[in-house]
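# Descriptive analysis of the structure
One letter stands for each residue in the lines below.
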Amino acid sequence: DTGVSQNPRHKITKRGQNVTFRCDPISEHNRLYWYRQTLGQGPEFLTYFQNEAQLEKSRLLSDRFSAERPKGSFSTLEIQRTEQGDSAMYLCASSPSYTIYFGEGSWLTVV
Amino acid sequence: TQLLEQSPQFLSIQEGENLTVYCNSSSVFSSLQWYRQEPGEGPVLLVTVVTGGEVKKLKRLTFQFGDARKDSSLHITAAQPGDTGLYLCAGEERDDKIIFGKGTRLHILP
């Protein structure tokens, strides 16, 4: 399967702990996006990369959130000192141009 | 950042009926995509429209991009229970950022 791969698919963590999600995009897709989605809502933009360069980070993201794409291939999204309000599905997508292809998402539950 | 407004937010209709959902913005997008999402899964691409006035058909689904590239519609003919899901539109801004509307939750009653 050469689609977008996200790990882990599910994560339950205690409030205050750090979590990291990994995204492996479709090979040769130079753009990579991270979104957050809560029940019944559309995906909310978090950040995106063109190769290894992070082009924009949403103002909705606090300093507890950081994303990297060190070699322009896979990406990680880290959330430090998690809060209950961080509970959501975190979606990664990659794109060769204007159409993006999503992974299956990583569910985060903060208890 | 541009905003995409989708309407209606919820729609419940009988099998066999036709429906149209809308995606509107006050700003121009380079392209616009429609996705369908099932619970617990990532959105799946249905179509991308790029040219103003463009119409694309996918079986019983017809997608139209407005002439000014500010709005789009999705029309479903003879809806079936399998069409049930969350329909999302997404627009590409000039800096390649892609933003989503909040979606239309469609429920087709058998």
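Below, the structure is looked at part by part.

Calculation rules
- Residues numbered from 1 in each chain as written.
- Chains lettered and ligands numbered in written order.
- Predicted model: local features only at pLDDT ≥ 70, side-chain atom pairs only at ≥ 80, totals over all residues.
- Heavy atoms only, no water.
- Helix = DSSP H or I, 4+ residues; strand = E, 2+ residues; numbered from the N terminus.
- Rg over C-alpha atoms; globule rule 2.2 N^0.38 Å.
- Buried < 20%, exposed > 50% of the residue type's maximum accessible area, 1.4 Å probe, protein only.
- Contact = heavy atoms within 4.5 Å.
- Areas by Shrake-Rupley, 256 points an atom, 1.4 Å probe, with all protein chains shown as cover.
- Lys, Arg positive; Asp, Glu negative; His and termini not counted.
- Charge placed at Lys NZ, Arg CZ, Asp CG, Glu CD.
- Core = buried A, V, L, I, M, F, W, Y, C linked by side-chain atoms within 4.5 Å.
- Buried area = accessible area lost by both parts, 1.4 Å probe.
- Salt bridge = Lys/Arg side-chain N within 4 Å of Asp/Glu carboxyl O.
- Pairing = 2+ DSSP bridges.
- Axes fitted to C-alpha atoms, helices over the stretch in contact; angles between N-to-C directions.

### Some details on the overall build of chain B
Helix and strand counts for chain B stand at zero helices and 11 strands. Over its C-alpha atoms chain B spans a radius of gyration of 13 Å, differing by no more than 12% from the 13 Å that the globule rule assigns to 110 residues. Taken along the three principal axes of its C-alpha coordinates, chain B extends 45 × 30 × 20 Å. When burial is assessed residue by residue, chain B has 45% of its 110 residues classed as buried. Look at the contacts in chain B between residues 6 or more apart in sequence, and 53% of them connect residues 24 or more apart. About 5200 Å² of surface is accessible on chain B, with carbon and sulfur atoms providing 50% of the total. Across chain B, 11 positive and 13 negative side-chain charges occur, with their mean positions spaced 1 Å apart.

### A few points about the nonpolar core
Leu4, Leu19, Leu32, Trp34, Leu74 and Ile76 of chain B are the most contacted members of the largest nonpolar core, which totals 21 residues. If you list the elements that add at least two residues to this core, you get strand S3 (19–24), strand S4 (31–37), strand S5 (44–49), strand S7 (61–65), strand S8 (71–76), strand S9 (85–92) and strand S11 (104–109) of chain B. In this view, Leu74 of chain B contacts Leu19, Thr20, Val21, Trp34, Leu61, Thr62, Phe63 and Tyr87 of chain B; residues no more than four positions away in its chain are not counted. Core analysis: the next-biggest nonpolar cluster, separate from the first, contains 19 residues, Val4, Val19, Tyr90 and Val110 of chain A among them.

### Quick word on the interface of chain A and chain B
Listed by partner, the interface residues are 24 residues for chain A and 24 residues for chain B. Contact between chain A and chain B buries roughly 1700 Å² in total, counting both sides, with carbon and sulfur atoms accounting for 54%. Interface area lost by chain A to chain B is led by Pro43, Tyr98 and Phe102 of chain A, which between them contribute 27%. The interface formed by chain A and chain B holds three salt bridges in total.

### A short note on the sheet that holds S8 of chain B
Residue and element names in this part refer to chain B. Pairing in this open sheet of five strands is antiparallel, and the strands run S1-S3-S8-S7-S6 from one edge to the other. Each end of this open sheet is capped by a strand with a single partner; those strands are strand S1 (5–7) and strand S6 (55–58). For this sheet, the mean angle separating the axes of adjacent strands, direction not counted, is 15°. Sheet topology places S3 next to S8; six bridges connect them, and they run antiparallel. Note that in S8 the partner of Asn24 across the bridge is Asp71.

### Here's the deal with unusual backbone geometry
Cis rather than trans, the peptide bond between Asn7 of chain A and Pro8 of chain A has omega equal to -10°. In this structure, Pro8 of chain A sits in the loop between strand S1 (5–7) and strand S2 (10–13). The amide bond that connects Ser7 of chain B to the next residue, Pro8 of chain B, takes the cis arrangement and shows omega of -10°. The topology assignment puts Pro8 of chain B in the loop between S1 and strand S2 (10–14).

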